[in-house]
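# What the coordinates show
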Protein chains: 2
Amino acid sequence: MVTIRDVAKYANVSVATVSRVLNNKGQVSEETKRNVREAIEHLKYRPNLVARTLYKKTSSMIGLIVPDITNPFFPALARTVEDRARSYGYTVILCNTDGSTEKEADYISSLQQKGIDGIIISTNRSEADDFKDIDIPLVALDRIVNSEIPTVTAENKNGAIKATKHLIDVGCQKVVHIQGPRELATTNDRKDGFLEVVQEADIEHVVVEADFDIKVAEETAYQLLQEQTNIDGFFAGSDVIALGIIKAAHRLGLNIPEDLQIVGFDGIEMGKIFIPSLTTIEQPIYEMGALAVDLLSQQIEKKELDKHLYEFPINLVIGNTTKR
Amino acid sequence: MVTIRDVAKYANVSVATVSRVLNNKGQVSEETKRNVREAIEHLKYRPNLVARTLYKKTSSMIGLIVPDITNPFFPALARTVEDRARSYGYTVILCNTDGSTEKEADYISSLQQKGIDGIIISTNRSEADDFKDIDIPLVALDRIVNSEIPTVTAENKNGAIKATKHLIDVGCQKVVHIQGPRELATTNDRKDGFLEVVQEADIEHVVVEADFDIKVAEETAYQLLQEQTNIDGFFAGSDVIALGIIKAAHRLGLNIPEDLQIVGFDGIEMGKIFIPSLTTIEQPIYEMGALAVDLLSQQIEKKELDKHLYEFPINLVIGNTTKR
C-alpha cells in the first residue's frame, strides 16, 4: 500500500505539500505540482478516504455507458470501473446502448436527471456536438470523442503496427485487416497503423469493415476467403472479430496457423481460453478502467487535470494463431 | 403486438374486465382473474405505458445484482433485464459482487438508500435471513433464496436428467459431474438430477465441486482425468465449467467427442462459438430475464402475484462435444 509519505519522499517534498497538491489548495509552484503528480502516477498512489470525503458528493453514483455488454471486452471493462469506483464510494450505473444513438441519448439525459456525479462513455457515438450540452464530468474510455473530454485509450496505431509487423515476421504475404466500425477514431487509428506497415513493406493487402460482432466478422471473413485466393494473414480490429475469423477458417477447413495466421486486438480473457488461443495486442484493461474512474473523480472533486489524453502502451501477446 | 383486446377475446371477457384485473380494481371473480391472467401469460401481453403510469414510480431505477459480470451468462442476463426494464421506463443499476457477501450487503443497503424501486438478485448468497430486513420488492433470478421471494428459474433438475441421459445414450460408461458452488439450490438441483439418472442406470460416476470459473473448472477436470482412468463423460454444472473441461481435455491430448463427451448447462453464446461447440442444456435466458422484470414491476405497482416460483422449461441442444 503506497502512502502519502511515499509520494512525498519520491517527489522530495513534505507531506503537507503533497496534501496541498491533492486538494488543490494553498500555494505550490507549477514545477512542484508536476513532480508530485509524477510521483503519484509513478507510485500509483491513491488518496485515502479522508482526503476524498473533503468533497461532498451529490449522488455517489457514476454512469458507465457501453455499446454492447455481451461483447466480452465490456464486462471486463465494467468490472474494473466498478472495482475502482467502489474504492471511491461510488456506485456504478451500467447502461448498455446496443449501439443505439437514441438509447445513448436517453441514458445520458436520464442519468443527468437522477443527479449522477459523472459519466464514463465507451460507446460508438462520435458526434462531438452531442456532448456539448452535458454539464457534468465526463471521461471517454477506449473511445475518442473530442479533445475537450478527458480520454483514456491505448496506443491503437502503435498496436496495429506491432500486430501487422508480426504477421509479416511470421511469413504472411497477403494480409487482410477487418476493422471495426468506421465511425470510431480508435478503429481508424488501428487501420492507419496497418496501412503504414503493409504499404512500407509493399505487401498485398485488403481492408474491410465489420461490426465488433463474432457472427458479422465470421461472415465477412468467410466471404473474403472464398472470393480471394492466397490470403494467409488477418489483423483483426478486435479479439471478437478475430474469433469470428477463426470460426470462418474452421468452416472452410483451413488450419491455423499453418494456412492462416491471425492477430487480434484487446486481450480479452476469452482469447486466451479459445482453442487455438489468440495472438493479440493486449490493452491494459484494468489500468485503463481504473484511470478513467480516477479522472472522473478528479473532475467531480473540481481538481484540475494535467492533461486530457492518456494513451496506454500495449503488448503483443503470442498465442497459437500465429507461427512461432 | 398483442393488445388488451386480444387478451379480452382470448379470455372471453370484456376489455373493461381485463383492465380491472390489470389494475387490481373493481370486482372480478377469482375464476375470471385466473382466465385473464392465463390469457396474458399465453399471449405474452404487456400492459401499455398508460396502464403503467397509473402507478407513480419513486426513482424509476431497479437494481440487478450479479455475482460475476465476466461470466458470460450474466452479461446475457443483464442485457435482457435491461431491455425489458427499459420498456417499463426503468433504468437498471448493475451491481457486480464478485461473489462477496459483504459487497452484496453493501450494494443492497446503498441501493435502498438511493430509493431504488426494487432489486433483482442473481447472486450466490443463500442465507434467507439476510433478506428479511429488505422492505422493497425483490425477485430472485436463476437463484432460489426462499419461498417468500418471487423466483424465476429453469427446470434445473429436469435439465440435469436430460443431460445425463444424453451422455448415457451416446455411450458414456463413467461419468463425472462437476457441480457449481454447493451453497446454491440451483446447482444442487442439477446434482440431484444427475445422481438420479446415474444411480438408476447403475453407471460409474463421480461428483466434484468447482466454481463457475473456467480456470478452476479446468484444473479440477485436469486433475480428475489424470488421477482416474476410464472417464468418458462430463456433465458440467454450467457452460463455463464445460469450457474449462474442454481446455483440460485439450491439454491432455484427448479428443472430443471421441475420447470424452461433455454436456454443459446454460446455453451461453460462447458455447455455440467455441470450437468444438457445446452440447448443452439451454435455459431461455431472454424469457427468464424479462419475466423477472415483469414480476418486479408488478410488485412495485402493488399488484398481487399469482405464484412465487416460475420454472422455465429447458432444451437439450446438440453441439460437437457429444457424438451424433
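Residues numbered from 1 in each chain as written. Chains lettered and ligands numbered in written order. Predicted model: local features only at pLDDT ≥ 70, side-chain atom pairs only at ≥ 80, totals over all residues. Heavy atoms only, no water.

With an RMSD of 0.1 Å, the fit of chain A onto chain B corresponds to turning through 180 degrees and sliding 0.0 Å along the axis. Given the turn and translation reported, the copies of this chain are related as if by a two-fold rotation axis. For chain A, the residue whose C-alpha comes nearest the rotation axis is Ile-93 of chain A, separated from it by 2.3 Å. Residue by residue, 97% of the interface of chain A is reproduced at the interface of chain B, so both copies engage with the same surface. (Least-squares fit on C-alpha atoms with pLDDT ≥ 70 in both. Contact = heavy atoms within 4.5 Å.)

At the interface, 36 residues of chain A touch 35 residues of chain B. Each partner contributes to the roughly 3,300 Å² buried at the junction of chain A and chain B, and carbon and sulfur atoms together form 59% of this total. The tally of links between chain A and chain B comes to 4 salt bridges. Linking Asp-98 of chain B and Arg-79 of chain A is a salt bridge whose minimum nitrogen-to-oxygen distance equals 3.3 Å. Counting across the interface, chain A meets chain B through 12 residue pairs in polar contact (both at pLDDT 80 or more). Broken down by secondary-structure element, the contributors of at least two residues to the side of chain A that touches chain B are α5 (73-87), β2 (91-96), α6 (101-113), α9 (214-227), α10 (239-251) and α11 (269-273) of chain A. Looking at the side of chain A that touches chain B residue by residue, the classes come out as 17 nonpolar, 7 polar and 12 charged. (Buried area = accessible area lost by both parts, 1.4 Å probe. Salt bridge = Lys/Arg side-chain N within 4 Å of Asp/Glu carboxyl O. Polar contact = N/O pair within 3.5 Å; in protein donor to acceptor, adjacent residues only side chain to side chain. Helix = DSSP H or I, 4+ residues; strand = E, 2+ residues; numbered from the N terminus. Nonpolar A, V, L, I, M, F, W, Y, C, P; charged D, E, K, R; others polar.)

Hydrogen bonds along the backbone pair up the strands of a sheet, which may run parallel or antiparallel. Residue and element names in this part refer to chain A. Strand order in the open sheet formed by 6 strands is β7-β6-β8-β9-β10-β12, with mixed pairing between adjacent strands. Both edges of this open sheet fall to β7 (204-209) and β12 (315-317), since each of them pairs with a single strand only. With direction set aside, neighbouring strand axes in the sheet form an average angle of 20 degrees. (Pairing = 2+ DSSP bridges. Axes fitted to C-alpha atoms, helices over the stretch in contact; angles between N-to-C directions.)

Residues and elements named next belong to chain A. Tallied over the entire structure, the rule returns 9 aromatic pairs over all chains. Arranged with centres 6.2 Å apart and planes meeting at 40 degrees, the rings of Tyr-88 and Tyr-90 form a pair that is tilted. Across the pair, exposure class does not vary: Tyr-88 and Tyr-90 are buried alike. Ring geometry for Phe-194 versus Phe-235: centroids 6.3 Å apart, planes at 25 degrees, classification stacked. (Phe/Tyr/Trp six-rings, centres within 6.5 Å; stacked < 30°, edge-to-face > 60°. Buried < 20%, exposed > 50% of the residue type's maximum accessible area, 1.4 Å probe, protein only.)

Every α-helix winds through 3.6 residues per turn, so residues three or four apart in the chain are directed the same way. Taking 1.5 Å as the rise per residue, helix α7 (residues 156-169) of chain A with 14 residues should run 20 Å; its terminal C-alpha atoms sit 20 Å apart, in good agreement. Taken residue by residue, α7 of chain A has Asn-156, Gly-159, Ala-160, Ile-161, Ala-163, Thr-164, His-166 and Leu-167 of chain A as its buried positions. (Expected span 1.5 Å × (residues − 1).)

On to helix α1 (residues 4-11) of chain A, then. Residue and element names in this part refer to chain A. For α1, the set of buried residues is Val-7, Ala-8 and Ala-11. Buried residues of α1, viewed axially, fall in a sector of 100 degrees; they line one side. What points out from α1, more than 90 degrees from its buried face, is the exposed set Arg-5 and Lys-9. In the segment just after α1, Asn-12 is the residue with positive phi, at about 60 degrees. (Arc of directions from axis to C-beta.)

What follows deals with the pairing of strand β6 (residues 174-179) of chain B. Residues and elements named next belong to chain B. Counting buried positions along β6 gives 6 out of 6 residues, so the element sits mostly inside the fold. Taken together, the 6 bridges between β6 and strand β7 (residues 204-209) define a ladder with parallel strand orientation. Within the sheet, the bridge partner assigned to Ile-178 lies in β7 and is Val-208. Taken together, β6, helix α8 (residues 185-201) and β7 form a β-α-β motif whose crossover is right-handed. (Right-handed = clockwise from strand over helix to strand, strands pointing away.)

Turning next to the sheet that holds strand β3 (residues 118-121) of chain A. Residues and elements named next belong to chain A. Strand order in the open sheet formed by 6 strands is β2-β1-β3-β4-β5-β11, and the pairing between neighbours is parallel. The open sheet is flanked by β2 and β11 (309-312), the only strands paired with a single partner. Averaged over all neighbouring strand pairs, the angle between strand axes comes to 20 degrees, with direction disregarded. Examined bridge by bridge, strand β1 (residues 61-66) and β3 share 4 bridges and lie parallel to one another.

Another aspect to go through is the nonpolar core. A general trend in soluble globular proteins is that nonpolar side chains are found buried together. Ile-120 and Phe-234 of chain A together with Ile-120 and Phe-234 of chain B are the most contacted members of the largest nonpolar core, which totals 153 residues. If sequence neighbours within four positions are ignored, Ile-120 of chain A has contacts with Ile-62, Gly-63, Leu-64, Ile-65, Val-81, Val-139, Leu-141, Ala-292, Val-293 and Leu-296 of chain A. One finds Met-61 of chain A together with Cys-95, Leu-111 and Ile-116 of chain B within the second-largest nonpolar core, a separate group that totals 34 residues. (Core = buried A, V, L, I, M, F, W, Y, C linked by side-chain atoms within 4.5 Å.)

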